[in-house]
Every structure is written in structure tokens, then in C-alpha cells.
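Each chain, letter by letter, is given below.
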Amino acid sequence: AGLPPSLAIHVYTQREVHGTVGSHVTLSCSFWSSEWISEDISITWHFQAEGSRDSISIFHYAKGQPYIDDVGTFKERMEWVGNPHRKDGSIVIHNLDYTDNGTFTCDVKNPP
């Protein structure tokens, strides 16, 4: 039995984003899929602090609802500004701090 081929989602983010301590920054994440955007689409943002080997989940969008993880330094400072139907998974981080230096990753899944 042959399985259907999996279809890729292309995710686009800025390579580097710079912000000033105390200000805010938008982490943009746009995506393209050859398939229609399903109701089961999910978007997850991960953060890996500079010098750390561990990546933590800081934001999740699923079942039409944004969920900001209630642990970690971002919980009170994050705002969901995306719209999956416009192929946008962007977030804003407010009140930037030096400890926000690191790598942010946007992961989009559009099942099936």
C-alpha cells in the first residue's frame, strides 16, 4: 500500500531581529502551503537562549486559540498578532530584556 506523499509547508521568518531593552519587537512568521489551511493548523514558537542547548516552547496556537505558555520569562510579555487564515503566525514580545537574546523558531503544522 502506498502512502500519500507528504506536502511541505514553507515557513518564512526574518533571519535576524534587533530590539532595544524595554521596547517591543515583532517576530514575524509567514507560511505557504499548497493545501488549504485546515481547522487543525497549529503554530508553535520555541526559544533557545544564547549559550543554552535547550529549547523551550513559549507559544502555541491550536484549535483556533492562542496559548501563551504560563512558565518562563515571556508569559506576561507576549502577544499573538498572527492570523493563520492569512498564513501569518507572528508574535510580539514586549518589554525586551537582555535575557531575550537567542534563537526563536516558528513551527507550523497543517494536518493532514
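This text goes with the structure placed above it.
Now for a quick tour of the structure. Please read these numbers as outputs of a predicted model, since none were measured by experiment.

Considerations on the nonpolar core
Item 1. With 20 residues, the main nonpolar core has Ile43, Trp45, Ile58, Phe59, Ile91 and Val108 as its most contacted residues.
Item 2. When contributions to this core are tallied by element, the ones reaching two or more residues are β2 (25–27), β3 (29–33), β4 (42–49), β5 (56–62), β7 (78–80), β8 (91–93) and β9 (102–109).

Digging into the side chain of serine 33
Item 1. For serine 33, the position within the fold is in strand β3.
Item 2. Within the structure, the side chain of serine 33 is placed 3.1 Å from the backbone nitrogen of glutamate 35, a separation counted as a polar contact.
Item 3. Leaving out residues up to four positions away in the same chain, serine 33 has contacts with Ala8, Ile9, Lys87 and Asn110.

Looking at the sheet that holds β8
Item 1. Strand order in the open sheet formed by 3 strands is β2-β8-β7, with antiparallel pairing between adjacent strands. Each of the sheet's edge strands pairs with one partner strand only, and the pair in question is β2 and β7. Shown here is a sheet whose adjacent strand axes are inclined to one another by a mean of 25°, direction ignored.
Item 2. Across 3 bridges, the pairing between β2 and β8 is antiparallel. Directly across from threonine 26, in β8, lies its bridge partner valine 92.

Describing the environment of alanine 8
Item 1. Inspection of the secondary structure puts alanine 8 in the segment before β1 (9–13).
Item 2. The exposure class assigned to alanine 8 is partly exposed, which follows from its relative accessible area of 45%.
Item 3. C-alpha of alanine 8 to C-alpha of tryptophan 32: the two residues are 24 residues apart in sequence and 8.7 Å apart in space.
Item 4. Apart from residues lying up to four places away in sequence, alanine 8 is in contact with Trp32 and Ser33.

Some thoughts on the sheet that holds β4
Item 1. Strand order in the open sheet formed by 4 strands is β6-β5-β4-β9, and the pairing between neighbours is antiparallel. Whereas interior strands pair on both sides, the edge strands pair on one side only; in this sheet they are β6 (65–68) and β9. Along the sheet, successive strands turn relative to each other by an average axial angle of 15°, direction set aside.
Item 2. With 8 bridges connecting them, β4 and β9 associate as antiparallel partners. Its bridge partner lying in β9, threonine 44 is registered against aspartate 107.

Cut-off values and rules
Per chain, residue numbering runs from 1 following the sequence as it is written. It should be noted that, the model being predicted, local features are given only for residues of pLDDT at least 70 and side-chain atom pairs only at 80 or more, the latter also being counted only at that level, while totals for whole chains, interfaces and linings use all residues. Processing note: side-chain calculations cover all non-hydrogen atoms of the structure and skip hydrogens and water entirely. The term nonpolar core refers to a set of buried residues drawn from Ala, Val, Leu, Ile, Met, Phe, Trp, Tyr and Cys, joined through side-chain atoms within 4.5 Å. Relative accessible area decides the class of each residue, using a 1.4 Å probe on protein chains only: under 20% of the type maximum gives buried, over 50% gives exposed, and in between gives partly exposed. In this description a helix means any DSSP run of H or I spanning at least four residues, a strand means any run of E spanning at least two, and both kinds are numbered starting from the N terminus. Polar contacts, as used here, are pairs of N or O atoms within 3.5 Å; protein pairs need one atom able to donate a hydrogen and one able to accept it. Residues neighboring in sequence count only if both atoms are side-chain atoms. The contact definition used throughout considers only heavy atoms, calling two residues in contact when any of these lie within 4.5 Å. One bridge is not enough; two strands pair if DSSP finds at least two bridges between them. Axis lines are fitted to C-alpha atoms, over the contacting stretch for helices. Their N-to-C directions set the angle, which ranges from 0 to 180 degrees.

Without other data, these values stay purely geometric and don't point to any function.
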